[in-house]
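Read off the chains here:
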Amino acid sequence: MRVRRLLLVGSLLLASLRLVASDTAHDQAHSQAAAPASGAAPAVDSGEAFRFLVEGNARFLEGKPSGAGRDDVRRLDVAKNGQHPFATVLSCSDSRVPVELLFDQGIGDVFVVRVAGNVSDTDEIGTIEYGVGHLNTPLLVVMGHTGCGAVKAVMDGAEVHGSIPALVDNVAPAVRLARSKFEGSPRLFQEAVRMNVWMSIEDIFKHSEEVRSLVKAGKLQVVGALYMLETGAVIWMGEHPEKTRLMTPPGSRPSLPAGGTRPTAKPAVAAKTAATGH
Ligand SMILES: [Zn+2]
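The rules behind these values
Residues numbered from 1 in each chain as written. Predicted model: local features only at pLDDT ≥ 70, side-chain atom pairs only at ≥ 80, totals over all residues. Helix = DSSP H or I, 4+ residues; strand = E, 2+ residues; numbered from the N terminus. Buried ≥ 20, exposed ≤ 12 C-beta atoms within 10 Å, placed from the backbone. Contact = placed C-beta atoms within 7 Å. Pairing = 2+ DSSP bridges. Axes fitted to C-alpha atoms, helices over the stretch in contact; angles between N-to-C directions. Expected span 1.5 Å × (residues − 1). Parallel < 35°, antiparallel > 145°, perpendicular 65-115°, else oblique. Left-handed = near helix turned anticlockwise from the far one by under 90°. Nonpolar A, V, L, I, M, F, W, Y, C, P; charged D, E, K, R; others polar.

Student: Could you give an account of the overall build of the protein, with specific residues and numbers?
Tutor: Per the secondary structure count, the protein includes 12 helices and 5 strands. Within the span of the protein, comprising 278 residues, buried residues form 40% of the whole. When contacts within the protein are restricted to residue pairs at least 6 apart in sequence, those whose partners lie at least 24 apart make up 72%.

Structure follows, in C-alpha coordinates:
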(Lines give C-alpha, C1' and ligand atoms only; values in the text may rest on other atoms or scores of the structure.)
Protein backbone atom coordinates (compact mmCIF):
# COMPACT_ATOMS: atom_id res chain seq x y z
CA MET A 1 0.00 0.00 0.00
CA ARG A 2 2.77 2.35 0.86
CA VAL A 3 4.33 1.89 -2.53
CA ARG A 4 0.98 2.45 -4.21
CA ARG A 5 0.42 5.57 -2.15
CA LEU A 6 3.83 6.92 -3.08
CA LEU A 7 3.16 6.22 -6.69
CA LEU A 8 -0.12 8.11 -6.35
CA VAL A 9 1.66 11.05 -4.73
CA GLY A 10 4.19 10.97 -7.52
CA SER A 11 1.44 10.90 -10.09
CA LEU A 12 -0.34 13.85 -8.52
CA LEU A 13 2.88 15.78 -8.44
CA LEU A 14 3.41 14.93 -12.04
CA ALA A 15 0.05 16.41 -12.89
CA SER A 16 0.65 19.47 -10.76
CA LEU A 17 3.86 20.15 -12.60
CA ARG A 18 1.97 19.82 -15.87
CA LEU A 19 4.47 17.26 -16.98
CA VAL A 20 3.66 15.01 -19.85
CA ALA A 21 3.76 11.28 -19.24
CA SER A 22 3.18 8.64 -21.82
CA ASP A 23 0.24 6.29 -21.29
CA THR A 24 2.03 3.45 -22.87
CA ALA A 25 4.40 1.16 -21.10
CA HIS A 26 7.79 2.63 -21.61
CA ASP A 27 10.85 0.64 -22.41
CA GLN A 28 13.45 2.68 -20.66
CA ALA A 29 16.35 0.72 -22.06
CA HIS A 30 15.00 1.34 -25.54
CA SER A 31 14.64 5.04 -24.87
CA GLN A 32 18.15 5.26 -23.56
CA ALA A 33 19.53 3.32 -26.51
CA ALA A 34 17.64 5.60 -28.86
CA ALA A 35 18.90 8.77 -27.19
CA PRO A 36 20.52 11.22 -29.56
CA ALA A 37 24.10 12.34 -29.29
CA SER A 38 24.99 15.00 -26.76
CA GLY A 39 23.93 18.43 -27.88
CA ALA A 40 20.77 17.15 -29.56
CA ALA A 41 17.29 17.21 -28.06
CA PRO A 42 16.82 14.81 -25.13
CA ALA A 43 15.17 11.45 -25.84
CA VAL A 44 12.70 11.86 -22.97
CA ASP A 45 10.82 14.79 -21.55
CA SER A 46 10.80 15.81 -17.90
CA GLY A 47 7.58 13.90 -17.25
CA GLU A 48 9.03 10.63 -18.43
CA ALA A 49 12.29 11.27 -16.59
CA PHE A 50 10.33 11.93 -13.42
CA ARG A 51 8.34 8.76 -13.91
CA PHE A 52 11.50 6.68 -14.32
CA LEU A 53 12.65 7.90 -10.91
CA VAL A 54 9.27 7.41 -9.20
CA GLU A 55 8.90 3.90 -10.59
CA GLY A 56 12.52 3.02 -9.86
CA ASN A 57 12.15 4.07 -6.24
CA ALA A 58 8.96 2.01 -6.00
CA ARG A 59 10.86 -1.07 -7.20
CA PHE A 60 13.58 -0.32 -4.66
CA LEU A 61 10.97 0.00 -1.90
CA GLU A 62 9.39 -3.30 -2.86
CA GLY A 63 12.76 -4.97 -2.69
CA LYS A 64 12.41 -5.90 -6.35
CA PRO A 65 14.91 -3.77 -8.25
CA SER A 66 15.20 -4.60 -11.92
CA GLY A 67 18.93 -4.01 -11.90
CA ALA A 68 18.59 -3.04 -15.56
CA GLY A 69 21.52 -1.37 -17.23
CA ARG A 70 24.17 -2.63 -14.82
CA ASP A 71 25.65 -5.31 -17.04
CA ASP A 72 28.52 -5.41 -19.49
CA VAL A 73 26.19 -4.71 -22.40
CA ARG A 74 25.26 -1.28 -21.00
CA ARG A 75 28.79 -0.60 -19.82
CA LEU A 76 30.18 -1.20 -23.29
CA ASP A 77 27.32 0.66 -24.95
CA VAL A 78 27.85 3.89 -23.03
CA ALA A 79 31.62 3.60 -23.28
CA LYS A 80 31.32 3.40 -27.04
CA ASN A 81 28.35 5.69 -27.70
CA GLY A 82 28.65 8.22 -24.91
CA GLN A 83 26.39 9.06 -21.99
CA HIS A 84 22.77 10.08 -22.36
CA PRO A 85 21.44 10.36 -18.80
CA PHE A 86 17.78 11.33 -18.46
CA ALA A 87 18.09 13.22 -15.15
CA THR A 88 20.60 15.26 -13.20
CA VAL A 89 20.48 14.66 -9.45
CA LEU A 90 22.19 16.72 -6.74
CA SER A 91 22.36 14.67 -3.57
CA CYS A 92 24.36 14.31 -0.36
CA SER A 93 27.59 12.28 -0.26
CA ASP A 94 26.22 10.31 2.68
CA SER A 95 26.98 6.64 2.00
CA ARG A 96 23.42 5.76 2.98
CA VAL A 97 22.04 7.68 -0.01
CA PRO A 98 23.15 5.62 -3.01
CA VAL A 99 21.34 7.50 -5.76
CA GLU A 100 21.43 4.91 -8.56
CA LEU A 101 20.44 2.12 -6.19
CA LEU A 102 17.51 3.89 -4.54
CA PHE A 103 16.16 4.88 -7.95
CA ASP A 104 17.01 1.46 -9.43
CA GLN A 105 18.92 2.96 -12.33
CA GLY A 106 21.80 1.64 -14.36
CA ILE A 107 25.08 2.81 -15.83
CA GLY A 108 24.65 6.05 -17.74
CA ASP A 109 21.05 6.70 -16.62
CA VAL A 110 21.55 9.45 -14.06
CA PHE A 111 24.07 12.31 -13.93
CA VAL A 112 24.77 12.55 -10.22
CA VAL A 113 26.38 15.34 -8.23
CA ARG A 114 27.09 14.34 -4.65
CA VAL A 115 28.42 16.70 -2.01
CA ALA A 116 27.98 16.85 1.75
CA GLY A 117 24.73 18.62 2.54
CA ASN A 118 23.68 18.65 -1.16
CA VAL A 119 24.80 22.27 -1.32
CA SER A 120 24.97 24.31 -4.52
CA ASP A 121 28.21 26.20 -4.63
CA THR A 122 30.34 27.06 -7.65
CA ASP A 123 31.64 23.59 -8.52
CA GLU A 124 28.29 21.92 -7.96
CA ILE A 125 26.48 24.46 -10.11
CA GLY A 126 29.10 24.07 -12.85
CA THR A 127 28.55 20.31 -12.79
CA ILE A 128 24.80 20.76 -12.85
CA GLU A 129 25.12 23.07 -15.85
CA TYR A 130 27.04 20.33 -17.63
CA GLY A 131 24.23 17.90 -16.90
CA VAL A 132 21.32 20.09 -17.92
CA GLY A 133 23.02 22.25 -20.54
CA HIS A 134 25.42 19.88 -22.29
CA LEU A 135 23.89 16.46 -21.66
CA ASN A 136 20.44 18.01 -21.94
CA THR A 137 18.76 16.19 -19.07
CA PRO A 138 15.21 17.58 -18.90
CA LEU A 139 14.95 17.05 -15.14
CA LEU A 140 17.07 18.29 -12.23
CA VAL A 141 16.37 16.83 -8.79
CA VAL A 142 17.86 18.32 -5.62
CA MET A 143 17.54 15.66 -2.94
CA GLY A 144 18.16 16.03 0.78
CA HIS A 145 17.80 13.22 3.28
CA THR A 146 16.75 12.55 6.83
CA GLY A 147 19.59 12.33 9.31
CA CYS A 148 21.87 14.55 7.22
CA GLY A 149 25.12 15.03 9.15
CA ALA A 150 25.97 18.30 7.42
CA VAL A 151 22.66 19.87 8.45
CA LYS A 152 22.96 18.41 11.95
CA ALA A 153 26.47 19.81 12.36
CA VAL A 154 25.20 23.30 11.60
CA MET A 155 22.20 22.84 13.89
CA ASP A 156 24.45 21.73 16.74
CA GLY A 157 27.00 24.47 16.11
CA ALA A 158 29.64 21.78 15.79
CA GLU A 159 33.21 22.97 15.61
CA VAL A 160 34.50 22.33 12.11
CA HIS A 161 37.93 22.81 10.62
CA GLY A 162 39.83 22.87 7.40
CA SER A 163 37.66 23.47 4.37
CA ILE A 164 34.45 22.35 6.05
CA PRO A 165 33.38 25.84 7.29
CA ALA A 166 33.24 27.04 3.68
CA LEU A 167 31.05 24.06 2.87
CA VAL A 168 28.59 24.26 5.74
CA ASP A 169 28.05 27.99 5.46
CA ASN A 170 25.87 27.09 2.50
CA VAL A 171 23.62 25.24 4.94
CA ALA A 172 23.51 27.86 7.68
CA PRO A 173 20.73 30.09 6.22
CA ALA A 174 18.34 27.15 5.96
CA VAL A 175 19.05 26.12 9.55
CA ARG A 176 18.46 29.67 10.77
CA LEU A 177 15.11 29.79 9.02
CA ALA A 178 14.12 26.39 10.35
CA ARG A 179 15.01 27.52 13.88
CA SER A 180 12.90 30.65 13.49
CA LYS A 181 9.85 28.52 12.75
CA PHE A 182 10.38 25.18 14.46
CA GLU A 183 12.66 25.79 17.45
CA GLY A 184 11.73 23.29 20.16
CA SER A 185 9.71 21.17 17.76
CA PRO A 186 10.62 17.54 17.08
CA ARG A 187 10.24 18.49 13.40
CA LEU A 188 13.12 20.96 13.54
CA PHE A 189 15.78 18.67 12.09
CA GLN A 190 13.68 17.40 9.20
CA GLU A 191 12.37 20.89 8.42
CA ALA A 192 15.95 22.15 8.33
CA VAL A 193 16.76 19.41 5.82
CA ARG A 194 13.77 20.42 3.70
CA MET A 195 14.65 24.10 3.83
CA ASN A 196 18.20 23.20 2.88
CA VAL A 197 16.82 21.62 -0.29
CA TRP A 198 14.92 24.82 -1.10
CA MET A 199 18.05 26.84 -0.28
CA SER A 200 20.12 24.74 -2.64
CA ILE A 201 17.60 25.17 -5.45
CA GLU A 202 17.53 28.90 -4.78
CA ASP A 203 21.31 29.05 -5.05
CA ILE A 204 21.20 27.25 -8.40
CA PHE A 205 18.66 29.69 -9.83
CA LYS A 206 20.50 32.63 -8.34
CA HIS A 207 23.88 31.77 -9.81
CA SER A 208 23.01 29.96 -13.03
CA GLU A 209 21.71 31.99 -15.91
CA GLU A 210 21.77 28.77 -17.92
CA VAL A 211 19.38 27.00 -15.56
CA ARG A 212 17.04 29.99 -15.54
CA SER A 213 16.96 30.17 -19.33
CA LEU A 214 16.42 26.40 -19.74
CA VAL A 215 13.52 26.50 -17.27
CA LYS A 216 12.10 29.56 -18.99
CA ALA A 217 12.32 27.77 -22.35
CA GLY A 218 10.44 24.78 -20.95
CA LYS A 219 13.42 22.49 -21.45
CA LEU A 220 14.10 21.83 -17.78
CA GLN A 221 12.11 21.11 -14.63
CA VAL A 222 13.76 21.55 -11.22
CA VAL A 223 12.22 19.68 -8.31
CA GLY A 224 13.12 19.04 -4.69
CA ALA A 225 13.05 15.67 -2.97
CA LEU A 226 13.63 14.18 0.45
CA TYR A 227 15.05 10.69 0.87
CA MET A 228 13.94 8.87 4.00
CA LEU A 229 16.91 6.87 5.29
CA GLU A 230 14.69 4.73 7.46
CA THR A 231 12.20 3.59 4.82
CA GLY A 232 14.00 4.05 1.51
CA ALA A 233 11.17 6.24 0.20
CA VAL A 234 11.71 9.42 -1.77
CA ILE A 235 9.25 12.16 -0.85
CA TRP A 236 8.72 14.55 -3.75
CA MET A 237 8.62 18.21 -2.78
CA GLY A 238 7.77 19.63 -6.19
CA GLU A 239 9.05 22.83 -7.70
CA HIS A 240 10.36 25.66 -5.54
CA PRO A 241 7.37 27.56 -4.11
CA GLU A 242 8.97 30.84 -5.16
CA LYS A 243 9.98 29.74 -8.62
CA THR A 244 8.62 32.88 -10.25
CA ARG A 245 10.79 35.09 -8.07
CA LEU A 246 13.82 32.87 -8.63
CA MET A 247 13.42 33.17 -12.38
CA THR A 248 14.17 36.87 -12.10
CA PRO A 249 17.87 37.66 -12.42
CA PRO A 250 19.35 38.49 -8.97
CA GLY A 251 20.30 42.05 -9.92
CA SER A 252 16.71 43.02 -10.66
CA ARG A 253 15.15 41.53 -7.52
CA PRO A 254 14.09 43.70 -4.60
CA SER A 255 16.91 44.05 -2.10
CA LEU A 256 16.71 42.22 1.20
CA PRO A 257 15.54 43.98 4.33
CA ALA A 258 17.99 44.52 7.17
CA GLY A 259 18.66 41.20 8.84
CA GLY A 260 18.60 39.42 5.55
CA THR A 261 15.55 37.20 5.89
CA ARG A 262 12.91 37.60 3.24
CA PRO A 263 9.38 38.12 4.54
CA THR A 264 7.89 35.39 2.41
CA ALA A 265 5.04 32.97 2.76
CA LYS A 266 6.00 29.47 3.78
CA PRO A 267 7.51 27.24 2.74
CA ALA A 268 10.09 29.92 2.43
CA VAL A 269 13.77 29.93 2.04
CA ALA A 270 16.16 31.97 4.07
CA ALA A 271 18.27 34.38 2.18
CA LYS A 272 21.97 34.17 2.66
CA THR A 273 23.06 37.14 4.63
CA ALA A 274 26.27 39.05 4.56
CA ALA A 275 27.05 37.40 7.87
CA THR A 276 27.51 34.06 6.18
CA GLY A 277 30.22 35.60 4.08
CA HIS A 278 29.03 33.63 1.17
ZN1 LIG B 1 23.73 14.34 4.26
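Student: Now, about the sheet that holds strand E3 (residues 139–145): what can you tell me, with residues and values included?
Tutor: Pairing within the open sheet is mixed, and its 5 strands lie in the order E2-E1-E3-E4-E5. The open sheet has two edge strands, strand E2 (110–114) and strand E5 (234–238), and neither has a second partner. The average undirected angle you get between the axes of adjacent strands in this sheet is 25 degrees. Where strand E4 (residues 221–227) meets E5, 4 bridges bridge the pair, whose relative direction is antiparallel. Of the residues in E5, the one forming a bridge with Ala-225 is Trp-236. Across the face of the sheet, helix H10 (residues 188–207) comes into contact with strand E1 (87–91), E3, E4 and E5 while running at roughly 150 degrees to E3.

Student: Quick one: what's the story with helix H3 (residues 46–62), residue by residue and with numbers?
Tutor: Over its 17 residues, H3 runs 24 Å from end to end, which matches the ideal 24 Å to within 8%, given 1.5 Å per residue. Counting buried positions along H3 yields 13 of 17 residues, so the element is predominantly enclosed. Note on H3: the residue one or two positions beyond its end, Gly-63, has a positive phi of about 75 degrees.

Student: An account of the packing of helix H9 (residues 172–182) against H10 is requested, with residue identities and associated values reported.
Tutor: Closest axis-to-axis distance for the H9/H10 pair is 8 Å, and the angle between their directions is 135 degrees. If you check the angle between H9 and H10, you find them oblique. Seen from above, H9 lies across H10 with right-handed handedness. For the pair H9 and H10, contact is made by Pro-173, Ala-174, Val-175, Leu-177, Ala-178, Lys-181 and Phe-182 and by Leu-188, Glu-191, Ala-192, Met-195, Asn-196 and Met-199, respectively. Looking at the contact of H9 with H10 residue by residue, the classes come out as 10 nonpolar, 1 polar and 2 charged.

Student: Please provide a residue-by-residue account of the packing of helix H6 (residues 122–134) against helix H11 (residues 209–216), values included.
Tutor: Relative orientation of the contacting elements H6 and H11 amounts to 30 degrees, with a least axis distance of 10 Å. Compared by their axis directions, H6 and H11 come out roughly parallel. Classified by chirality, the crossing of H11 by H6 is left-handed. Of the residues in H11, those touching H6 at Glu-129, Val-132 and Gly-133 are Glu-210, Val-211 and Leu-214. Among the residues making up the contact of H6 with H11, the classes are represented as 3 nonpolar, 1 polar and 2 charged.

Student: Help me get a handle on the environment of Thr-146, residues and values and all.
Tutor: As for its placement among the helices and strands, Thr-146 is situated in the loop between E3 and helix H7 (149–155). When the C-alpha positions of Thr-146 and Val-193 are compared, they lie 6.9 Å apart, and in sequence the two are 47 residues distant. Those residues in contact with Thr-146, other than ones at most four positions away along the chain, are Gln-190, Val-193, Met-228, Leu-229 and Glu-230.

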